[in-house]
Amino acid sequence: MSGEKNRTTAGVPLGKAMRGRLTIFALAAVTLISPRPASAGRLGTDIIALFPREVGEFAYADLKKARTLPWFPQLQEQMLPDRFKQFEKFLASAGMDPNTQVEELAWGLVAETVSKGDGASAAGVPTGEQVVGVALGNYNPDSTEAYFKRQKLPTFKARNFTLYAFGGGSGATDLFFLFIDSSTVAFGHRSVLEKMVEVRSGAEEGLMRNDKFFPLINEANGSGVVWAVLNPAYTRLAMQQLAPEVGQFPEAAKLVARMQNMLINVSAGSGIDGKFQAVCASTEDDNTMAQLIQAGFLYKRYQASKDNPDLAEMLDQARVVPSGDRVILSMALSNDQMTALIKHNTFAFKM
């Protein structure tokens, strides 16, 4: 993900960490896939309603299902950034084990700053972000509260909720979490987590009031073990990260600047299936973008053919199809293919 290394503001580390934490979403960094029917991945609107209106990337992962996949532990270890490993250890010491207690995870990214771009040929992308999320599972709030009191760790109040801090509680990258109830934990950076509290109280507008973004979330909801929806700024960033080869074509910048959204869904069972849908500004843009992505895949396949033949094979199986105003990228992988890709450190991104 070459675009990541320029994102250096306070919110960036956790934004990277969450992308690393949701392991199947790693497929997005290589290719996309056409989904098989899946019953998992349906998130309740009561949870979606907790998120602030200005969320620019919204995603979900069914971790209970993901843990049944044979290659999940290896992929998780390969992708998980050190800071998030520390956060997991911290939660475990407070009586919460994310690897066993968390069954479902939903999170949103809120851009702190967006680059200006260069006018007609390119639009801005997020250059800093904060994250806010909800982890669904089974928890014991009383034991966590007792642990913080024993250790004299910092806590803060947001209305009638207690915010528990990972770190001193005053650093720009400090993470916080709070219990909404015994089955719902909210987490993230303090300002956006406090905004979630205000949304819940009715003092701030929530994501369901975002008339352009929420219908796409509703469309993606229930579409797989992992699914995600991106707004225009995050769609442009995703194109830079996931298909950097496309940027080598002069006409690509204008097309990417006009892109509207991206929908991602990944399902898993005996193998992995998933799909990226890039929403373009017009049918003409859609057809041209499909051709550029196909050319980019061919170039990437050629690069990978010697060093990572399993990746080359996967790219060879990718299918890119224009459909109305959307470009659909699809592929299917067997568990054996996924294991082979992990052995080649395909997902060990430098974050």
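Predicted model, so just to flag it, every value in this text is computed and none were measured.

Scoring rules and cut-offs
- Residues numbered from 1 in each chain as written.
- Predicted model: local features only at pLDDT ≥ 70, side-chain atom pairs only at ≥ 80, totals over all residues.
- Heavy atoms only, no water.
- Salt bridge = Lys/Arg side-chain N within 4 Å of Asp/Glu carboxyl O.
- Buried < 20%, exposed > 50% of the residue type's maximum accessible area, 1.4 Å probe, protein only.
- Helix = DSSP H or I, 4+ residues; strand = E, 2+ residues; numbered from the N terminus.
- Pairing = 2+ DSSP bridges.
- Axes fitted to C-alpha atoms, helices over the stretch in contact; angles between N-to-C directions.
- Contact = heavy atoms within 4.5 Å.
- Phe/Tyr/Trp six-rings, centres within 6.5 Å; stacked < 30°, edge-to-face > 60°.
- Expected span 1.5 Å × (residues − 1).
- Core = buried A, V, L, I, M, F, W, Y, C linked by side-chain atoms within 4.5 Å.

Draft legend 1. Structural detail: the pattern of salt bridges. Under the definition given, this model contains 9 salt bridges. Between Glu 205 and Arg 209 there is a salt bridge, with its nearest N and O atoms 3.6 Å apart. Overall, the relative accessible area of 37% leaves Glu 205 in the partly exposed class. The closest approach of N and O atoms between Asp 285 and Arg 258, which form a salt bridge, is 2.9 Å. Here the residue Asp 285 occupies a position in helix 12 (residues 283-307), and Arg 258 occupies one in the loop between helix 11 (252-257) and strand 9 (261-268), the gap between them amounting to 27 residues. Overall, the relative accessible area of 38% leaves Arg 258 in the partly exposed class.

Draft legend 2. How the structure looks around the sheet that holds strand 3 (residues 126-137). Judged by pairing direction, the sheet is antiparallel, and its 12 strands sit side by side in the order 4-5-6-7-3-2-1-8-9-10-12-11 without closing on themselves. Of all strands in the sheet, those bounded by a partner on one side alone are strand 4 (155-158) and strand 11 (319-323). Strand after strand, the sheet turns through a mean of 15° between neighbouring axes, direction not considered. Packed on one face of the sheet, helix 14 (residues 335-343) meets strand 10 (271-279) and strand 12 (326-334) and runs near 95° to strand 12.

Draft legend 3. The packing of aromatic side chains, seen in detail. Scanning all chains against the criterion turns up 13 aromatic pairs. Measuring from ring centre to ring centre gives 6.0 Å for Phe 58 and Trp 227, while their planes differ by 40°; the resulting arrangement is tilted. Of this pair, Phe 58 sits in strand 1 (residues 57-62) while Trp 227 sits in strand 8 (residues 226-230); the two residues are 169 residues apart in sequence, bridging distant segments of the chain. As far as burial versus exposure is concerned, Phe 58 and Trp 227 are alike and both buried.

Draft legend 4. Summary view of helix 12. Between its first and last C-alpha atoms helix 12 spans 37 Å; for 25 residues at 1.5 Å apiece the expected length is 36 Å, and the two agree. Buried residues of helix 12: Asp 285, Asp 286, Met 289, Ala 290, Leu 292, Ile 293, Gly 296, Phe 297 and Ala 304, and no others. For helix 12, the elements touching its buried residues are helix 10 (232-242), helix 11, helix 13 (309-317), strand 11 and strand 12.

Draft legend 5. Up close: the nonpolar core. Phe 177, Met 239, Met 289, Ile 293 and Val 327 are the most contacted members of the largest nonpolar core, which has 72 residues in total. A per-element tally of this core places helix 12 first, with 6 residues. Here Ile 293 is in contact with Met 239, Val 246, Val 320, Val 327 and Leu 329, once residues within four sequence places are set aside. Of all hydrophobic cores here, the second largest spans 35 residues; its members include Ile 48, Tyr 60, Val 110 and Ala 186.

Draft legend 6. A look at the side chain of Thr 184. Mapping Thr 184 onto the fold places it in strand 7 (residues 184-188). Exposure remark for Thr 184: the relative accessible area of 6% places this residue in the buried category. Leaving out residues up to four positions away in the same chain, Thr 184 has contacts with Ile 47, Val 134, Ala 135, Leu 136, Tyr 139, Leu 178 and Phe 179.

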